[in-house]
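Read off the chains here:
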Amino acid sequence: MAKTLVTYFTRTGNTKLVAEAVYGALSGDKVLKPMAEAGDVAPYGLVFAGFPVQTHSVPYPAEVFLKSVPEGKKIALFSTHGSVTGSRLSREALEYASVLLAKAKLVGTFACRGKVSMKALEVLMQSPEHEAWADMAASAATHPDASDLEDARAFARWVSTLGAQGHYGGL
């Protein structure tokens, strides 16, 4: 089995918690590194890359990393966000991230809620057009919770099982 990299960018620690859950669920030769330290991904057969959703998109450091993933590299994405799970806002960044991958092979995505910093919430509450979203984001204060982390582990096992069986195609 090829080596697996789990890498993440985080500002509040939410995405790191999810990355650690993903990493813990994987067997075999694996490495956990912040995105800034990930370096060349060529030696890895599979890359899990995580980031927080910021302003409905991918934060710049994660965007730079995703654009650097080489053609044909198998990659699974995960994100944390303050929006309600399944909402358009919770999906937009993963959709954009998949476009950034260009010719890499996206093998799966996972997203869960994560607490939004109080500083960000305070700024958003000052803006009438963001007030409703800030109210919704405040309800993510207890996330990622144990259930979110178990879902992340299940996602990691699912993706790695597909790879072991050679069934990445069609995702």
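Higher on the page you've got the structure.
Presented here is a report on the structure given in the accompanying data block.

Before going further, it helps to spend a moment on the nonpolar core. Phe65, Leu66 and Ile75 are the most contacted members of the largest nonpolar core, which has 24 residues in total. For this core, the elements supplying multiple residues, two or more each, are helix H2 (35-38), strand S3 (46-52), helix H3 (60-68), strand S4 (74-81) and helix H4 (88-100). Counting residues per element, this core draws most heavily on H4, which supplies 4 residues. Ignoring sequence-local partners within four residues, the contact set of phenylalanine 65 consists of Thr7, Met35, Ala38, Val41, Val47 and Ala49. The next biggest cluster of nonpolar side chains, apart from the first, holds 20 residues, and it includes Tyr8, Ala25, Ala76 and Leu149.

So, on to the pattern of salt bridges. The final tally for this structure, using the stated rule, is 3 salt bridges. In this structure, the salt-bridge partner of glutamate 150 is arginine 153, at a minimum N-O distance of 3.0 Å. One end of the pair is glutamate 150 and the other is arginine 153, both in helix H7 (residues 146-165) and 3 residues apart, which spans about a single turn. For glutamate 150, a relative accessible area of 34% gives the class partly exposed. Linked by salt bridges that have partners in common, Glu150, Arg153 and Arg157 make up one network.

With parallel pairing, 5 strands are arranged side by side in an open sheet as S2-S1-S3-S4-S5. Each of the sheet's edge strands pairs with one partner strand only, and the pair in question is strand S2 (30-34) and strand S5 (105-113). Across the sheet, the mean angle from the axis of one strand to that of its neighbour is 15°, orientation sign disregarded. Pairing of S3 with S4, which is carried by 7 bridges, proceeds in the parallel orientation. Across the sheet, the residue bridging to phenylalanine 48 is alanine 76, located in S4.

Now for the side chain of asparagine 14. You can see asparagine 14 is positioned in helix H1 (residues 14-25). With relative accessibility at 3%, the residue asparagine 14 sits in the buried group.

A word on the packing of H3 against H4. Packed helix pairs are specified by the crossing angle of their axes together with the interaxial distance, meaning the distance between the axes. Direction vectors running N to C along H3 and H4 enclose 40°, while the axes themselves pass 8 Å from each other. For the element pair H3 / H4, the angle class is oblique. Taken together, the residues of H4 that come into contact with H3 (itself represented by Glu63, Leu66 and Lys67) are Tyr96, Ala97 and Leu100. Residue composition of the contact of H3 with H4, grouped by class: 4 nonpolar, no polar and 2 charged.

This paragraph deals with the side chain of glutamate 63. With respect to the secondary-structure elements, glutamate 63 resides in helix H3. Here glutamate 63 falls in the buried class, since its relative accessible area comes to 14%. Look past the residues within four positions of glutamate 63 in its chain and what remains in contact with it is Val58, Tyr96 and Leu100.

For the rest of this paragraph, the subject is the pairing of S2. Two elements, strand S1 (residues 4-8) and S2, share 5 bridges in a ladder whose sense is parallel. Bridging across to S2, tyrosine 8 finds its partner in proline 34. Each parallel crossover has a hand, and the one from S1 via H1 to S2 is right-handed.

The rules behind each value
Residues numbered from 1 in each chain as written. Predicted model: local features only at pLDDT ≥ 70, side-chain atom pairs only at ≥ 80, totals over all residues. Heavy atoms only, no water. Core = buried A, V, L, I, M, F, W, Y, C linked by side-chain atoms within 4.5 Å. Buried < 20%, exposed > 50% of the residue type's maximum accessible area, 1.4 Å probe, protein only. Helix = DSSP H or I, 4+ residues; strand = E, 2+ residues; numbered from the N terminus. Contact = heavy atoms within 4.5 Å. Salt bridge = Lys/Arg side-chain N within 4 Å of Asp/Glu carboxyl O. Pairing = 2+ DSSP bridges. Axes fitted to C-alpha atoms, helices over the stretch in contact; angles between N-to-C directions. Parallel < 35°, antiparallel > 145°, perpendicular 65-115°, else oblique. Nonpolar A, V, L, I, M, F, W, Y, C, P; charged D, E, K, R; others polar. Right-handed = clockwise from strand over helix to strand, strands pointing away.

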